There are 2 protein chains.
Amino acid sequence: MQNQQGYHVAVVGATGAVGQKMLETLEKKAFPLASLTLLSSSRSAGKKIAFKGEEITVKEATPESFEGVQIALFSAGGSVSKRLAHEAVSRGAVVIDNTSAFRMDEEVPLVVPEVNEKDLSSHKGIIANPNCSTIQMVAALQPIKESHGISRVIVSTYQAVSGAGTSAAEELREQSKAFLNGEDLEADIMPVKGDKKHFPIAFNALPQIDTFEENGYTFEEMKMINETKKIMHAPNLPVAATCVRLPFFTSHAESVYIEVEKEGLQAADIHEVLRNADGITLEDNPSEQEYPTPLSAAGKSDVFVGRVRKDPDHPKGFHLWVVSDNLLKGAAWNSVQIAESLIKNNLL
Amino acid sequence: MQNQQGYHVAVVGATGAVGQKMLETLEKKAFPLASLTLLSSSRSAGKKIAFKGEEITVKEATPESFEGVQIALFSAGGSVSKRLAHEAVSRGAVVIDNTSAFRMDEEVPLVVPEVNEKDLSSHKGIIANPNCSTIQMVAALQPIKESHGISRVIVSTYQAVSGAGTSAAEELREQSKAFLNGEDLEADIMPVKGDKKHFPIAFNALPQIDTFEENGYTFEEMKMINETKKIMHAPNLPVAATCVRLPFFTSHAESVYIEVEKEGLQAADIHEVLRNADGITLEDNPSEQEYPTPLSAAGKSDVFVGRVRKDPDHPKGFHLWVVSDNLLKGAAWNSVQIAESLIKNNLL
């Protein structure tokens, strides 16, 4: 369904943190657009959003909104996706869903183009965009796996508040001001909007992202564990994760420990692989204090890797420090990449 | 050398972040003091510090300052310790040194009283206080090791700026204000005072604590690795560490992954051990969102542990989230505990 003039794209959740970045990305990457429909909940409907110098009015998302839409980028929460994704597909759209609604559905490809683009070919109308913290990790791990094998992953994350939405970022801002003014901190949103208790995130660290599962892990941790195995086609790869929310606005950082399969590797071998990997920028020169940070990665599309080093106590153990903009490669940019790949491969 | 009236104590580095906490701790814990001498570099000499309602003038530390001193608590940087610790010992003092100057010296016990108090008995005048990030980790690990054995440790840290001194805390405060006002951030201190480059710490994460070693690890990471093995008398225990500085003022948090030796353990077995361990407070109830955070641990003496859970992918793997006030148990309180133990065991 190649279209000379471009494609009719709908963004569902256009007023949210990720929706905004999707629009910025479509504009910046010169995506071939014929038409753009902006959708949201009834609460945000009626808002106007500027796109390429034009004002577009956001409409309430209904089943009928998807008539004529070819690509629907969903990022309005899992319940909206569950309610409307199939409606969009039944009207001929391909859905790229940025929520957790369908990620572990066996019928739904879960895709990071640099890792498993081929999985797109089996799509049945819905493609899932993985969780932000998973995307950047698998982007860094896959080229190492392909060259040297990976037999184990243990990750601790350092995650930005924007992953919890614009209201979480606003809470960090307000609490930070209050703290610096010596005032009491009000906590209404973090760690999880709607959970029983709330704690200050300003000048603090919260070892809870998303709600707790019965096994003592958070849903975010289980997402990292399960999605990594699915995307990398490695159902038996041991993955252990601890996810922590921190007081910065943009980019997630991850301390990733891996064991490789091949013997005798050095840090230089990992460097070599990452230097040649798509979508990866190696920033690793300790003697010049070169390493990525959340601030340095913000606003950029790539996944940045530094602090690569061999474990002196384990012959196959290596550390990586992986940083990426959680709203770009972690969400909007990966979704748009999927759309680009669908077009390129005639999969719409 | 039991003294009915108490002991003559000197605090070297009395005007620094840790020195201040040492004075607060001596006061709060009702340490048996006969006399208190406050010492510093020539730069801070002459300052007056209130202690138990009395003003004490800080004097410049010289070899002669230690005449008559029985316990000297050093926390004025490694170079001061190297220059003056032996001078203090030669005048009859026992030195408890909070710098890295002597920690790996085979003649010097490196002590966390809950872990290896017995090592104090072999002291030759100098006792080293371990690095802050090491202390809280070994305090949590030792009881597990004693009950179940530990065969592997992989840790990623979340460390407060106060570990880099009062000027680092001030930099975080000033940068945070500037960021919230939309101004440019000036970075002159973090990640390491005097290193080649400086980066903003406000609303950021810096994967560098202390300077880099030739092997690509930071000195902080090597301290955690080497000190843990020495304190726990486990020279062959594999320890892997990544240390990260974060924008909060007080308390370090640590995501610690361990493998135990015993088979068939559950999280409840680790809970049981930690619940009965000296100096540990277990705060772990996911269904009620109970876990320690840097803010909740600040100002308290104990080491707090939460998020204890078994790795579903490894039969002997467990996660712990370990949080403690880096200036108290990580520095001042551990030093004062060592002094108390020396008194109790007639080791002065």
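Keep in mind it's a predicted model, so treat the numbers as computed, not measured.

What counts and what doesn't
- Residues numbered from 1 in each chain as written.
- Chains lettered and ligands numbered in written order.
- Predicted model: local features only at pLDDT ≥ 70, side-chain atom pairs only at ≥ 80, totals over all residues.
- Heavy atoms only, no water.
- Domains from an automatic or database assignment.
- Contact = heavy atoms within 4.5 Å.
- Buried area = accessible area lost by both parts, 1.4 Å probe.
- Salt bridge = Lys/Arg side-chain N within 4 Å of Asp/Glu carboxyl O.
- Helix = DSSP H or I, 4+ residues; strand = E, 2+ residues; numbered from the N terminus.
- Buried < 20%, exposed > 50% of the residue type's maximum accessible area, 1.4 Å probe, protein only.
- Pairing = 2+ DSSP bridges.
- Right-handed = clockwise from strand over helix to strand, strands pointing away.
- Least-squares fit on C-alpha atoms with pLDDT ≥ 70 in both.
- Patch = residues over 30% accessible without salt bridge, like charges linked within 9 Å, V, L, I, M, F, W, Y side chains within 5 Å.
- Areas by Shrake-Rupley, 256 points an atom, 1.4 Å probe, with all protein chains shown as cover.
- Lys, Arg positive; Asp, Glu negative; His and termini not counted.
- Charge placed at Lys NZ, Arg CZ, Asp CG, Glu CD.
- UniProt positions renumbered as here; feature names shortened; annotations may be inferred.
- Axes fitted to C-alpha atoms, helices over the stretch in contact; angles between N-to-C directions.
- Expected span 1.5 Å × (residues − 1).

## Quick look at the domain arrangement of chain A
Residues and elements named next belong to chain A.
Okay, step 1: Taken domain by domain, chain A comprises domain 1 (7-130 + 331-344) and domain 2 (134-326).
Okay, step 2: When each unit is reduced to the centre of its C-alpha atoms, the spacing between domain 1 and domain 2 is 25 Å.
Okay, step 3: Between domain 1 and domain 2, the residue contacts involve 19 residues of the former and 18 residues of the latter.
Okay, step 4: Note on domain 1 versus domain 2: buried area summed over both sides is about 1500 Å², and carbon and sulfur give 63% of it.
Okay, step 5: Linking domain 1 with domain 2 are one salt bridge.
Okay, step 6: Mapped onto the side of domain 1 that touches domain 2, the elements with two or more residues apiece are helix 1 (17-28), helix 3 (113-116) and helix 9 (328-344).

## Some points on the pairing of strand 6 (residues 71-74) of chain A
All names here are of chain A.
Okay, step 1: Every second residue of strand 6 is oriented toward a common face, with Ile 71 and Leu 73 on one face and Ala 72 and Phe 74 on the other, all of them buried.
Okay, step 2: As judged from the four bridges shared by strand 1 (residues 7-12) and strand 6, these two strands associate in the parallel manner. Considered in strand 6, the bridge of Val 12 is made with Phe 74.
Okay, step 3: Crossover handedness for the path strand 6 to helix 2 (residues 78-90) to strand 7 (residues 94-97): right-handed.

## Concerning the relation of the copies chain B and chain A
Okay, step 1: Superposition record for chain B on chain A: RMSD 0.0 Å, screw rotation 180 degrees, translation along axis 0.0 Å. Both copies are brought into coincidence by an operation consistent with a two-fold rotation axis.
Okay, step 2: A shared interface surface links the copies, since 100% of the contact residues of chain B are contact residues in chain A too.

## Structural notes on a negative patch on the surface
Okay, step 1: Among the surface-exposed residues, A:Glu183, A:Asp184, A:Glu186 and A:Asp188 lie close enough to one another that they form a single negatively charged patch.
Okay, step 2: By secondary structure assignment, the location of A:Glu183 is in the loop between helix 5 (166-180) and helix 6 (219-231).

## A look at the UniProt feature "binding site: NADP(+)" (unreviewed entry) in chain A
All names here are of chain A.
Okay, step 1: UniProt annotation of "binding site: NADP(+)" (unreviewed entry) refers to Thr 15, Gly 16, Ala 17, Val 18, Arg 43, Ser 44, Ser 162, Gly 163 and Asn 326 when read in the numbering used here. Spanning 312 residues, the named residues do not form one spatial group; their C-alpha atoms are separated by as much as 25.3 Å.
Okay, step 2: By the element assignment, Ser 162 lies in the loop between strand 9 (150-158) and helix 5.
Okay, step 3: Given the relative accessible area of 9%, Ser 162 is considered buried.
Okay, step 4: Beyond its immediate stretch of four places on either side in the chain, Ser 162 contacts Phe 249, Thr 250, Asn 326 and Leu 327.
Okay, step 5: Along the chain, Asn 326 turns up in the loop between strand 14 (317-324) and helix 9.

## Notes on the pattern of salt bridges
Residues and elements named next belong to chain A.
Okay, step 1: Inspection of the entire model under this criterion finds 38 salt bridges over all chains.
Okay, step 2: Salt-bridge contacts for Glu 259 lead to Arg 152; the nearest nitrogen and oxygen are separated by 3.8 Å. Taken together, the residues Glu 259 in strand 11 (residues 252-260) and Arg 152 in strand 9 connect sequence positions 107 residues apart. Comparing Glu 259 with Arg 152, the two get one shared label, buried.
Okay, step 3: Through salt bridges that share partners, Glu 64, Glu 67, Glu 87 and Arg 91 make up one connected network.

## Digging into the sheet that holds strand 14 (residues 317-324) of chain B
Strand pairing in a sheet relies on backbone hydrogen bonds. The paired strands run either parallel or antiparallel.
Residue and element names in this part refer to chain B.
Okay, step 1: If you trace the six strands from one edge of the open sheet to the other, you get 10-9-11-14-13-12, paired in mixed fashion. Each of the sheet's edge strands pairs with one partner strand only, and the pair in question is strand 10 (239-242) and strand 12 (280-282). Strand-to-strand, the axes of this sheet are offset by a mean angle of 25 degrees, without reference to chain direction.
Okay, step 2: Across six bridges, strand 13 (residues 303-310) lies against strand 14 in antiparallel orientation. The residue bridging Val 305 from the neighbouring strand is Val 322, located in strand 14.
Okay, step 3: Along the sheet, helix 6 (residues 219-231) contacts strand 9 (150-158), strand 10 and strand 11 (252-260); its crossing angle with strand 10, the most-contacted strand, is approximately 150 degrees.

## A short note on helix 2 of chain A
The periodicity of an α-helix, 3.6 residues per turn, causes residues three or four positions apart to be oriented the same way.
Residue and element names in this part refer to chain A.
Okay, step 1: When the terminal C-alpha atoms of helix 2 are compared, their 19 Å separation across 13 residues agrees well with the 18 Å that a helix rising 1.5 Å per residue should span.
Okay, step 2: Here helix 2 has its buried residues at Val 80, Ser 81, Leu 84, Ala 85 and Ala 88.
Okay, step 3: Buried residues along helix 2 sit against strand 1, strand 6, strand 7 and strand 8 (126-128).
Okay, step 4: Backbone geometry just after helix 2 places Gly 92 at a positive phi near 100 degrees.

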